[in-house]
Amino acid sequence: MSNNSVRAVTQDQQGYLWIGTLEGLNRFDGTHFESFSSNNTRRQLIGNVITRLYTDSQGYIWVGTMTGLSGLNSRTLKFDRYNVLGEVTAIAEVGEREIWVAADNLFRIRDGQVSRVDEIKESVSQIAVTPEHVWVSSSRYLYKLARNGQLDKISLPADLAQHPVYDLLWQNGVMYLASEQGYYLVDTAGQVQPANLPMDRGVPVYQLHSDSQGGDWVSSYDKLFYRHQQQQWQVISRDELGSATQFNDIFEDRQQNVWLGSFGDGLYRVSRGKIKRVIGQSQRDVMVRSVVRTTDDALLIASSQRLGLLDKTQRYTEIQLSGDTPLNVVQDLEPDGDSWLLATDNGPKRLTLADGKLTPLDDALRGIKTKTIKKRQAGGFWLGTNDGLFQLQQELVPFALNHEFESSVITFVQDNPEKLLVGTTRGAYQYQQEKLLRIGLGTPLYNAFVTTMLQLPQGPLVVGTVDDGLFVRLFDGKWLQFDTSNGLPFEPVVSLFHDAGSDYVWVSTLKGIFRFQPHLLSDSPPGQNLFEEVLTPYERQLGTAPGRCCNGSGASKVVLWQDQLWYPTLKGLVAVPVKLKASSSQTYQPLVQQIQAQKLYSLLPEQNRLVLETDERNVSLRYTAIDFLKPMALEFRYQLVGFDQDWHQVGSRREAIYTNLPAGRYLFRLQARNLNQSWDLAGQTQLELVIPRRFDETVMYRGLWLLLGLFLLYGLFWLARRNVQLREAELTKLVKLRTQELETSNIRLNELNEQLSQLTHKDALTGLRNRRFLFEQLPKDIEHYQRNRESMLAQNKCIALMQLDLDNFKVINDKFGNSAGDSILQQVSGLLIRETRGSDYVVRYAGEEFMLVMRDIPLDMVREFACRLNELISSEAFVLPDGRTVSVQCSVGYAIYPLELLGGQLIGWEISLQLAELALYHVKHNGRNGVASIQFDRQVDAFEFEDSDHIEAQIEKLLADGVAWFELNSGRQQDSIIN
């Protein structure tokens, strides 16, 4: 606020409070003040010392200052100046669109035109409007101007004349005056007389007000007076209010809050709540310690040194105590027939209400501080003392398990049908089935100072403590702890009360009262406040100082009576309606106030769309929600639809900032709620924000760039194409030349390659293919066979590999010489070429060894061809260089591909080559001059040849197992030899 000296208060149609001070005008939403002065209103606010504020029936605010009159349209925040100069002391609306202003003279403003009220020719100070008249005060007279123009003049008494009149109030058909000389009224005879007020005559009275609830307010020099519906005046002194009681203005807003504008201590709010503080009539000791409800529907109250009864009319009757036992601080009260058992600081006592006799309950506990007395389910009573827990029936008996309590100071006892709950200064316990169990293991409750416990009907257990907050045990045994760090409003906890009708648990503390619903503790949505504050440390009734709400420990700290919860306090009792309406039921309407971009935009209340300038991409939105009762309990969230993916949860912050926003249309959504509400109940407002596109962001601009780009691409393409055509013409000539050269070179190169291939793939001696050709060509033949495998198998064709070796060829070389051996090799080669087909090829494999590869040969012809080849060589007469002839014999081993095995197509040709070689060796070892192959039983499959590196060992094993054998045809005899 611009200054603490508040001179005037009013409210606009949106709900904002407008507060006039010595240094300007302030708009207030419950949390923030926005200041206006002649400096930031372009001098349209005629002066900064505000004297009067008035909101007319059109919502227009009239601003009276020390130097003249201005007007304010609260929707647009635009100020107007009027031709009224001097100090404005009063403003009133006397008719439709007609305003009267007291500023030394009396002025009339109608449709914006200012004129003098000619009926009154002297300086005036105050104006009051009644249904039939307009009352105007001057220094000597009180004028009464009727609607028909008749003017009556009432002389002020001598002690009042020439003294300032500060206010006029029409109430119940009587005109009251507040003046420098005191409180006056106009009687039925038309005379001004002193009014009845409990103060001395001649004390200045500054303000008068009658609120909508029938309450009367009078502000004087050193006291504030209040009465409700013509009851006795309540006097509020400077000390009780905590500041000076001189108020310049008293104003009631639409929510029935009464605002007091003080001379130098700012602004006060008085709210009519449903919570009341009660001090019984004739109650001398107001410090209440414990309270219980009696059987005859009264309250038994224990104060610091006295006991008394409070009846339904709030009349207090003190109990006259008798006996030689003095009364000390009472911690708990429990009925026992016609008497009451009292837990006090110097031991338990018995009180007989009939005669007020107070006697010790048991000498064994005399002087021992007793915190609680409660009835036992089995009869008798439980007594919780500083020396442990006791049972009282016919006699006093210590609890059998007292030694298991870590602390002997018993603070709480509650005997339920299922179990006994016990609280101590070192943890909480439950006694069930003759076993004492300490509860809260693994939590701070284990060693906490327990003040109270509450077993709820549905199963949860609630425990209150001094220093560790509130504990709740859920159905599943899980413990929840709440303290001021995670949402608990106040500590330490004093009492707990469960209202079954609303399922609220009420909690009183030394600082205030709050409540909660147990089922929300585990099921509430994230971010929702679980605890609703009912009475805070800052709330008080008029005439009472702020202080602690509820008193200390003990059990009798709350009682339900007359549909209200009654709590003991340092000053009487506090009564709270148990059916108090939840604060979460109110809806708070958020308002977007201003938008700051490159310039400031002030929004009209009904405005839901704003178009920004094209270059305004950084935006700050200021918003609020009006609440004067608990403004700090408001929280907000917002979302810019079209930019934000989700809501921004911002708590109580009242500004949204966005930077580098792209052009486009956005919807700013704003919600406000009380902390106890869910977002489903939150009030919401929406504002469409439009950021126009710059020319460089438009489709036309982008289209022009696209068109230009296409032209450039076409130009580049044309140039590139022209260049390519020129180069193609040059290259065509060069290519023809180079082509001719290459053709010549390729022809020559092909000839050389053919020669080289012949040299590398032919044996120089015999002209046969060599070993290198075999290993290059054979895989190709296998691949060809595999491609046509189904056709080949259908025709029973295979690839035959025959390895032929000339027997005892070394003897010929030794006997006839190497040239003779070479001649024989050449003649054998010719024979082999002659006997094979064109599709077959013969390879000189090594020395006198030859390999024949017979492609696509019928399977049943392989053995026959091998035998015939052996016979041809054996019967051939080979001519030596010297003309002599010689006979040569040979050994032949052959194998086929694929092998005749289960899965034979999976075995590589290399295995077939090795099998042919093994068959050849078998012929050599069995006398030479023969043909052999290896045959397999049908049960042998391809997996027997997985390890190709040890094929000989595998064959040996198969031979030993009898599933493989050599088929040998010897050239020395006609029959086949199978071995």
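Looking at an unreviewed UniProt entry, one finds the protein chain named diguanylate cyclase and attributed to Rheinheimera tilapiae. According to the UniProt record, the Catalytic activity (unreviewed entry) comment for the protein chain reads "2 GTP = 3',3'-c-di-GMP + 2 diphosphate".

**Q** Just checking my understanding: could you explain the UniProt feature "transmembrane region" (unreviewed entry) in the protein chain for this structure?
**A** Mapped onto this numbering, the UniProt entry gives "transmembrane region" (unreviewed entry) at residues 699–720. Helix and strand shares over residues 699–720 are 100% and 0% respectively, and the end C-alpha atoms of the span are 31 Å apart.

**Q** What is the right way to read the pairing of strand β8 (residues 78–85) from this model?
**A** For a regular strand, the rule is simple: side chains alternate between the two faces of the sheet. For strand β7 (residues 68–73) and β8, the ladder comprises 5 bridges, and the chain directions are antiparallel. Counterpart to Leu72 in the pairing with β8 is Phe79. Taking the residues between adjacent antiparallel strands as the criterion, β7 and β8 are bridged by 4 residues, where Leu77 takes a positive phi near 60°.

**Q** Even after reading the chapter, I still don't get the environment of Pro489, so can you show me in this structure?
**A** Within the secondary structure, Pro489 is located in the loop between β48 (479–482) and β49 (493–499). Taking the C-alpha atoms as reference points, Pro489 and Glu532, 43 residues apart in sequence, are found 8.3 Å from one another. Contacts of Pro489, omitting those with residues within four sequence positions, involve Thr484, Phe514, Phe531 and Glu533.

**Q** Could you clarify how one ought to interpret the sheet that holds strand β38 (residues 381–385) in this entry?
**A** Overall, antiparallel pairing links the 4 strands, which are arranged β37-β38-β39-β40 in an open sheet. The sheet terminates laterally at β37 (370–375) and β40 (396–398), the two strands that pair on one side only. Direction aside, neighbouring strands of the sheet carry axes that sit 25° apart on average. Bridge count for strand β39 (residues 388–392) against β40 is 3 bridges, and the pairing is antiparallel.

**Q** How should I be thinking about unusual backbone geometry in this particular structure?
**A** Working note: non-glycine residues mostly have negative phi, and peptide bonds are mostly trans. Cis peptide bonds are those with omega within 30 degrees of zero, and the linkage from Glu491 to Pro492 qualifies with -10°. Structurally, Pro492 can be placed in the loop between β48 and β49. Cis geometry marks the peptide bond from Tyr897 to Pro898; its omega dihedral reads 0°. For Pro898, the position within the fold is in the loop between β70 (890–897) and α9 (909–925). With phi around 55°, Arg97 is a residue other than glycine that occupies positive phi space. Looking at where Arg97 falls in the secondary structure, it is placed in the loop between β9 (90–95) and β10 (98–103). On the basis of relative accessibility, which here comes to 48%, the residue Arg97 falls in the partly exposed class. Within the chain, Asp297 stands out as a residue other than glycine whose phi angle is a positive 60°. As for its placement among the helices and strands, Asp297 is situated in the loop between β29 (288–293) and β30 (299–303).

**Q** Would you explain a nonpolar patch on the surface in this entry?
**A** Taken together, Leu706, Leu707, Leu710, Phe711, Leu713 and Leu716 make up a surface patch of nonpolar side chains, about 660 Å² in accessible area. The topology assignment puts Leu706 in helix α3 (residues 699–761). We classify Leu706 as exposed; its relative accessible area is 56%.

**Q** Looking at this structure, I do not really get the pattern of salt bridges. What am I missing?
**A** Pairing is possible between side chains that carry opposite charge, provided their charged atoms lie close to one another. In this structure the tally under the stated criterion is 38 salt bridges. Residue Arg438 is joined to Glu406 by a salt bridge in which the shortest nitrogen-to-oxygen separation is 2.6 Å. Within this pair, whereas Arg438 is found in strand β44 (residues 435–439), its partner Glu406 is found in the loop between β40 and β41 (410–415), the two being separated by 32 residues in sequence. You can call Arg438 buried: its relative accessible area is 17%. Taking relative accessible area as the criterion, Glu406 reaches 41% and is therefore assigned partly exposed. Notably, a salt bridge pairs Glu967 with Arg863, separated by 3.2 Å at the nearest N-O pair. With Glu967 in strand β72 (residues 964–970) and Arg863 in helix α8 (residues 859–875), this pair connects stretches of sequence that are 104 residues apart. It is possible to trace a salt-bridge network through shared partners that takes in Glu98, Arg108 and Arg110.

**Q** What's the story with the confidence of the model for the protein chain in this structure? I'm lost.
**A** As a note on interpretation, predicted positions should not be read in detail where pLDDT is low. Across the protein chain, the average pLDDT comes to 88, with 95% of residues at 70 or higher. At the level of individual helices and strands, the protein chain shows its lowest average pLDDT in strand β73 (residues 976–978), which scores 34, and its highest in strand β42 (residues 420–424), which scores 96. Here residues 973–979 scores under 50 on pLDDT; set against residues more than four positions off or in separate chains, the count is 14 contacts.

**Q** Just to check I follow, could you spell out the side chain of Gln593 for this structure?
**A** Position of Gln593 among the secondary structure elements: in strand β56 (residues 590–596). Here Gln593 falls in the buried class, since its relative accessible area comes to 17%. Within the local environment of Gln593, its side chain forms a polar contact with the side chain of Tyr16, the two groups lying 3.1 Å apart. Not counting residues within four places of it along the chain, the set of residues in contact with Gln593 comprises Tyr16, Arg27, Tyr601, Ser602, Leu603, Arg622, Tyr623 and Thr624.

Conventions and cut-offs
Numbering of residues starts from 1 in each chain and follows the order in which that chain's sequence is written. In view of the model being predicted, local features appear only for residues whose pLDDT reaches at least 70, and side-chain atom pairs are presented and counted only at 80 or more, with totals across whole chains, interfaces and linings using the full set of residues. Only hydrogens and water are removed before side-chain values are computed, so all heavy atoms of the structure are retained for them. UniProt positions are given in the numbering used here, feature names are shortened, and annotations may be inferred rather than shown by experiment. Per the convention used, a helix needs a DSSP run of H or I reaching at least four residues, while a strand needs a run of E reaching at least two, with both numbered from the N terminus. Here the rule is simple: two strands pair whenever DSSP picks up at least two bridges between them. Whether two residues touch is decided by their heavy atoms; if any such pair falls within 4.5 Å, the residues are in contact. Between N-to-C directions, angles span 0 to 180 degrees; the directions come from axes that are lines fitted to C-alpha atoms, helices contributing only their stretch in contact. Residue exposure (1.4 Å probe, protein chains only): buried if accessible area is under 20% of the type maximum, exposed if over 50%, otherwise partly exposed. Patch building starts from residues that exceed 30% relative accessible area and form no salt bridge, then joins like charges within 9 Å and nonpolar side chains (Val, Leu, Ile, Met, Phe, Trp, Tyr) within 5 Å. All accessible areas in this document rest on Shrake-Rupley with a 1.4 Å probe, and a residue is counted as covered only by the protein chains that are shown. Each salt bridge in this description consists of a side-chain nitrogen of Lys or Arg and a carboxyl oxygen of Asp or Glu lying within 4 Å of one another. Scored from 0 to 100, pLDDT records how confident the predictor is in each individual residue. Polar contact is the term for a pair of N or O atoms within 3.5 Å; when the atoms are in protein, one must be able to donate a hydrogen and the other to accept it, and sequence-neighboring residues count only if both atoms are side-chain atoms.

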